[in-house]
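Read off the chains here:
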Amino acid sequence: MTKSPLITKLNDQLNREVSTFLRYMRQAAAIKGASNENVRSMYLAEVTDEVGHAQYLANQIAHLGGTPELAPDLSPIPATVDAMLTADIAAEGADVANYIELAHMAESAGHFALKQTMEDQAADEDHHRQEMARLRG
Ligand SMILES: [Fe+2]
Ligand SMILES: [Fe+2]
């Protein structure tokens with residue numbers, strides 16, 4: 001059975017979310033020093049948000065008749081806090097764009113609750129991006 005483009009895109013974003021909460025968990029564990037405590041706290045807090053995003057996507061894939069397929073990216077984390085924030089600001093921006101595209105796809109398919117939640121998750125990622133930009137300075 002071929003998967004619909006919507007299920008394929010939801011699964012791609014699920015893998016981005018799982019990769020993100022694993023990366024934020026690893027980065028929070030790696031960050032040391034009192035001067036970096038705000039960045040460490042931010043990453044710990046965002047793990048919870050990203051797990052929630054992943055859980056919603058997995059449930060929707062199943063609801064639409066698919067099966068969540070996990071292949072997280074476990075690439076090494078950046079060596080410095082500044083490099084972590086720079087990479088993650090870009091990643092959060094890509095997630096905003098992905099969720100806007102998913103919202104359009106969901107609306108076209110008549111899935112209005114999914115459309116609205118994709119917009120909500122786009123707003124969450126935009127908030128994360130702004131918080132990281134503020135912390136990077
Ligand atoms: Fe997320
Ligand atoms: Fe995020």
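Below is a summary of the structure that appears in this document. (Residues numbered from 1 in each chain as written. Chains lettered and ligands numbered in written order. Predicted model: local features only at pLDDT ≥ 70, side-chain atom pairs only at ≥ 80, totals over all residues. Heavy atoms only, no water.)

Let's shift gears to the coordination of the iron ion (ligand 2). At the metal site, the iron ion (ligand 2) is ligated by Glu50 (OE), Glu92 (OE), Glu92 (OE), Glu125 (OE) and His128 (ND1), and these contacts range over 2.0 to 2.4 Å. Sequence spacing among the residues donating to the iron ion (ligand 2) works out to E-x41-E-x32-E-x2-H. Between the two metals, the iron ion (ligand 2) and the iron ion (ligand 1), the spacing is 3.8 Å, and glutamate 50 donates to both. With a gap of 78 residues between them, glutamate 50 in helix 2 (residues 37–63) and histidine 128 in helix 4 (residues 112–136) connect regions that are remote in the sequence. Taking the relative accessible area as the measure of exposure, histidine 128 reaches 1% and is therefore buried. (Donors = N, O, S within 2.8 Å, 3.2 Å for Na, K, Ca; no water. Helix = DSSP H or I, 4+ residues; strand = E, 2+ residues; numbered from the N terminus. Buried < 20%, exposed > 50% of the residue type's maximum accessible area, 1.4 Å probe, protein only.)

Glancing now at the packing of helix 2 against helix 3 (residues 81–108). Where helix 2 meets helix 3, the closest approach of the two axes is 14 Å, and the angle between their N-to-C directions is 25 degrees. The angle between the axes of helix 2 and helix 3 places the two elements in the roughly parallel class. Both helix 2 and helix 3 take part in a crossing whose hand is left-handed. Across the interface between the two elements, Val39, Met42, Tyr43, Glu46, Glu50, His53 and Leu57 of helix 2 pack against Val81, Met84, Leu85, Asp88, Glu92 and Tyr99 of helix 3. Considering only residue class, the contact of helix 2 with helix 3 consists of 8 nonpolar, 1 polar and 4 charged. (Axes fitted to C-alpha atoms, helices over the stretch in contact; angles between N-to-C directions. Parallel < 35°, antiparallel > 145°, perpendicular 65-115°, else oblique. Left-handed = near helix turned anticlockwise from the far one by under 90°. Contact = heavy atoms within 4.5 Å. Nonpolar A, V, L, I, M, F, W, Y, C, P; charged D, E, K, R; others polar.)

Next up on the list: the coordination of the iron ion (ligand 1). A four-donor tetrahedral metal ideally has 109.5 degree angles, and a six-donor octahedral metal ideally has angles of 90 or 180 degrees. Protein coordination at the iron ion (ligand 1) comes from Glu17 (OE), Glu17 (OE), Glu50 (OE), His53 (ND1) and Glu125 (OE), with a distance range of 1.9 to 2.3 Å. Spacing between the donor residues of the iron ion (ligand 1) along the chain follows E-x32-E-x2-H-x71-E.

Under the definition given, this model contains 8 salt bridges. With its nearest N and O atoms 2.7 Å apart, the salt bridge here joins aspartate 126 to arginine 129. Taken together, the positions of aspartate 126 and arginine 129, both in helix 4 and 3 residues apart, correspond to about one turn of that helix. The salt bridge partner of glutamate 131 is arginine 134, with a shortest N-O separation of 3.0 Å. Highlighted residues: glutamate 131 and arginine 134, both in helix 4, separated by 3 residues, approximately one helical turn. For arginine 134, a relative accessible area of 56% gives the class exposed. (Salt bridge = Lys/Arg side-chain N within 4 Å of Asp/Glu carboxyl O.)

This brings us to the nonpolar core. Core analysis: the largest hydrophobic core is formed by 29 residues, its most contacted members being Leu10, Leu14, Val39, Tyr43, Leu85, Met118 and Met132. Broken down by secondary-structure element, the contributors of at least two residues to this core are helix 1 (5–30), helix 2, helix 3 and helix 4. Those residues within four positions of tyrosine 43 in sequence are excluded, and the remaining contacts are Tyr24, Gln27, Ala28, Ile31, Met84, Leu85, Asp88 and Met132. (Core = buried A, V, L, I, M, F, W, Y, C linked by side-chain atoms within 4.5 Å.)

What follows is about helix 4. For an α-helix the count is 3.6 residues per turn, leaving residues at separations of three or four pointing the same way. For helix 4, which comprises 25 residues, the first-to-last C-alpha distance of 36 Å matches the rise-based estimate of 36 Å (1.5 Å per residue) to within 8%. Those residues of helix 4 that sit buried are Leu114, Thr117, Met118, Gln121, Ala122, Glu125, His128 and Met132. The first or second residue beyond helix 4 is glycine 137, which carries a positive phi of 80 degrees. (Expected span 1.5 Å × (residues − 1).)

Further remarks concern helix 3. Across its 28 residues, helix 3 extends 40 Å between first and last C-alpha, which sits within 8% of the 40 Å expected from 1.5 Å per residue. Residue glycine 110 follows helix 3 closely and has a positive phi angle near 85 degrees.

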